[in-house]
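Reading the structure
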Amino acid sequence: KMCETSFSLGLQERMQRLQELTDFTESCQADLKGLFEALGWSQELDSHAFQMEVCPYDPNHTVPQDRMEKHKASCQLSKMGYSKEEQAEMFDPSVYYEKANIPSVNMDKDTFHQVILQTPENAPHMKSTGLHTPSDASTDLPDVPQNHKRALCDLTVADRLAIYDHVIQQASQQSAKRESNEDLYVDLVAKLKKDEEQSGPKSHLEVLAEMRDYRRRRQSYRVKNVHITKKSYTEVIREVIDIHSGELGRIWQEVKDEEFKASQRSSHRSHV
Ligand SMILES: [Zn+2]
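Quick notes on the rules
Residues numbered from 1 in each chain as written. Predicted model: local features only at pLDDT ≥ 70, side-chain atom pairs only at ≥ 80, totals over all residues. Heavy atoms only, no water. Phe/Tyr/Trp six-rings, centres within 6.5 Å; stacked < 30°, edge-to-face > 60°. Lys NZ or Arg CZ within 6 Å of the ring centre and 35° of its normal. Helix = DSSP H or I, 4+ residues; strand = E, 2+ residues; numbered from the N terminus. Polar contact = N/O pair within 3.5 Å; in protein donor to acceptor, adjacent residues only side chain to side chain. Core = buried A, V, L, I, M, F, W, Y, C linked by side-chain atoms within 4.5 Å. Buried < 20%, exposed > 50% of the residue type's maximum accessible area, 1.4 Å probe, protein only. Contact = heavy atoms within 4.5 Å. Donors = N, O, S within 2.8 Å, 3.2 Å for Na, K, Ca; no water. Tetrahedral: all angles 85-135°; square planar, octahedral: opposite > 155°, others 65-115°. Axes fitted to C-alpha atoms, helices over the stretch in contact; angles between N-to-C directions. Left-handed = near helix turned anticlockwise from the far one by under 90°. Nonpolar A, V, L, I, M, F, W, Y, C, P; charged D, E, K, R; others polar. Patch = residues over 30% accessible without salt bridge, like charges linked within 9 Å, V, L, I, M, F, W, Y side chains within 5 Å. Areas by Shrake-Rupley, 256 points an atom, 1.4 Å probe, with all protein chains shown as cover. Salt bridge = Lys/Arg side-chain N within 4 Å of Asp/Glu carboxyl O. Lys, Arg positive; Asp, Glu negative; His and termini not counted. Charge placed at Lys NZ, Arg CZ, Asp CG, Glu CD. Expected span 1.5 Å × (residues − 1). Arc of directions from axis to C-beta.

**Here's the deal with the packing of aromatic side chains**
For the structure shown, the criterion picks out 1 aromatic pair. With centroids separated by 6.2 Å and ring planes inclined at 65°, the aromatic side chains of phenylalanine 36 and tryptophan 41 adopt a geometry described as edge-to-face. For the cation-ring pair, arginine 150 lies above tyrosine 82, with the distance from its terminal atom to the ring centre recorded as 4.1 Å.

See the structure below:
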């Protein structure tokens, strides 16, 4: 009898607790409903926007479909051990090279492993472990470093030298297709010409005079740069910048002179 009483007491207590919880969830539901109404939102979820997917790098991550690409990029870096601070400093520089006349070399994981396996240091390692193809060895090899610190930590001096050689070779192949740094110079003049065209048509004579000046300047540039191949990269770039600055300075001075003349003419006219 004692047992039955304590059982029914326990049951009552549990029923009471259940009622309390039900009341609590109902009051929460009512609060939420009021909030949604006040904001004018619908409580029904947009099933398309909230389509969830599982992250390929960590099955514990469930991410909305539309944010998956962004998450994957950051999650992969996190798995490779890059901190949030390091990730914040990373960016995709390809946008700078899209239209610029600069050779750029992309290094994917396979190319990267092929390159570092060519070093004499890594070649014997491949033989001793009985590995024959780069894909077999890929578990032992470092990932493509995503920042400078990682490149210094993960790669040996020989690795870095092999990558340097590879990049230089690729870049020189790319730039061999282009003429030389003079392209940059021609592009600037062409661009300025285009801008001038937009500001007003030129007489045939003016165009001829400009072409003559341009040829003379280019000739003098060539004469001055006969030994261009013996110059260091910095020296070449310094000269290109010098020439561009001089060119811009000259054009701006011409514009100023024109404006000055025009203002004098108009003030002169108003006096007469
Ligand atoms: Zn993830």
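Let's pick the thread back up.
**What about the environment of aspartate 108?**
With respect to the element layout, aspartate 108 can be found in the loop between helix H4 (94-97) and helix H5 (109-117). Through-space distance from the C-alpha of aspartate 108 to that of valine 144 is 7.4 Å; in sequence the pair is 36 residues apart. In this structure the side chain of aspartate 108 is engaged in a polar contact, spanning 3.2 Å, whose partner is the backbone nitrogen of aspartate 110. At 2.5 Å, the side chain of aspartate 108 and the side chain of threonine 111 are in polar contact.

**Description of the nonpolar core**
Counting 9 residues, the largest nonpolar core is built from Phe112, Val115, Ile116, Leu117, Leu141, Val144, Leu155, Ala162 and Ile163. Elements represented by at least two residues in this core include exactly H5 and helix H9 (157-177). The greatest single-element share of this core, amounting to 4 residues, is contributed by H5. Apart from the residues within four sequence positions on either side, isoleucine 116 is in contact with Asn122, Leu141, Pro142, Asp159 and Ile163.

**What about the coordination of the zinc ion?**
Protein-derived coordination of the zinc ion comes from Cys55 (SG), His61 (ND1), His71 (NE2) and Cys75 (SG), at a distance range of 2.1 to 2.3 Å. Each of the 4 donor atoms bound to the zinc ion contributes to angles spanning 102 to 131°, and the resulting shape is tetrahedral. Every donor residue of the zinc ion comes from the same chain, spaced as C-x5-H-x9-H-x3-C. You can see histidine 61 sitting in the loop between strand E1 (52-54) and strand E2 (62-64) and its partner cysteine 75 sitting in helix H2 (residues 68-79), a full 14 residues away along the chain. In this structure histidine 61 comes out as partly exposed when scored by relative accessible area, which is 26%. Classification of cysteine 75 by relative accessible area gives buried; the value is 4%.

**Some points on the packing of H5 against H9**
Between two packed helices, both the angle of their axes relative to each other and the distance between the axes serve to describe the pair. Where H5 meets H9, the axes come as close as 8 Å, and the angle between the chain directions of the two elements is 115°. Here H5 runs over H9; the crossing is right-handed. On H9, the residues that touch Thr111, Phe112, Val115 and Ile116 of H5 are Asp159, Ala162, Ile163 and His166. Class assignment for the residues of the contact of H5 with H9 results in 5 nonpolar, 2 polar and 1 charged.

**Some points on a negative patch on the surface**
Taken together, Glu206, Asp257, Glu258 and Glu259 make up a surface patch of like negative charges. Take the negative patch: its biggest share by element is 3 residues, from helix H12 (residues 233-271). In this fold, aspartate 257 is placed in helix H12. For aspartate 257, a relative accessible area of 36% puts it in the partly exposed group.

**A closer look at the pattern of salt bridges**
Inspection of the entire model under this criterion finds 9 salt bridges. Notably, a salt bridge pairs arginine 150 with aspartate 154, separated by 3.8 Å at the nearest N-O pair. Of this pair, arginine 150 and aspartate 154 both sit in helix H8 (residues 148-154), 4 residues apart, roughly one helical turn. Its relative accessible area of 18% is what places arginine 150 among the buried residues. Sharing partners across several salt bridges, the network here consists of Glu247, Arg250 and Glu254.

**Thoughts on H9**
In this model H9 runs 31 Å from its N-terminal to its C-terminal C-alpha over 21 residues, within 8% of the 30 Å that 1.5 Å per residue would give. Where H9 is concerned, the buried positions are Asp159, Ala162, Ile163, His166 and Ala171. Taken end-on, H9 shows its buried residues confined to a sector of 160°, consistent with a single buried face. Residues of H9 that are exposed and point more than 90 degrees away from the buried face comprise Val157, Tyr164 and Ala176.

**Structural notes on H5**
Three or more residues of H5 are buried, namely Phe112, His113, Val115, Ile116 and Leu117. One side-chain oxygen at the N-terminal end of H5 lies 3.2 Å from the backbone nitrogen of aspartate 110; it belongs to aspartate 108.

It is worth stressing that arrangement in space is one thing and function is another; only the former is reported here.
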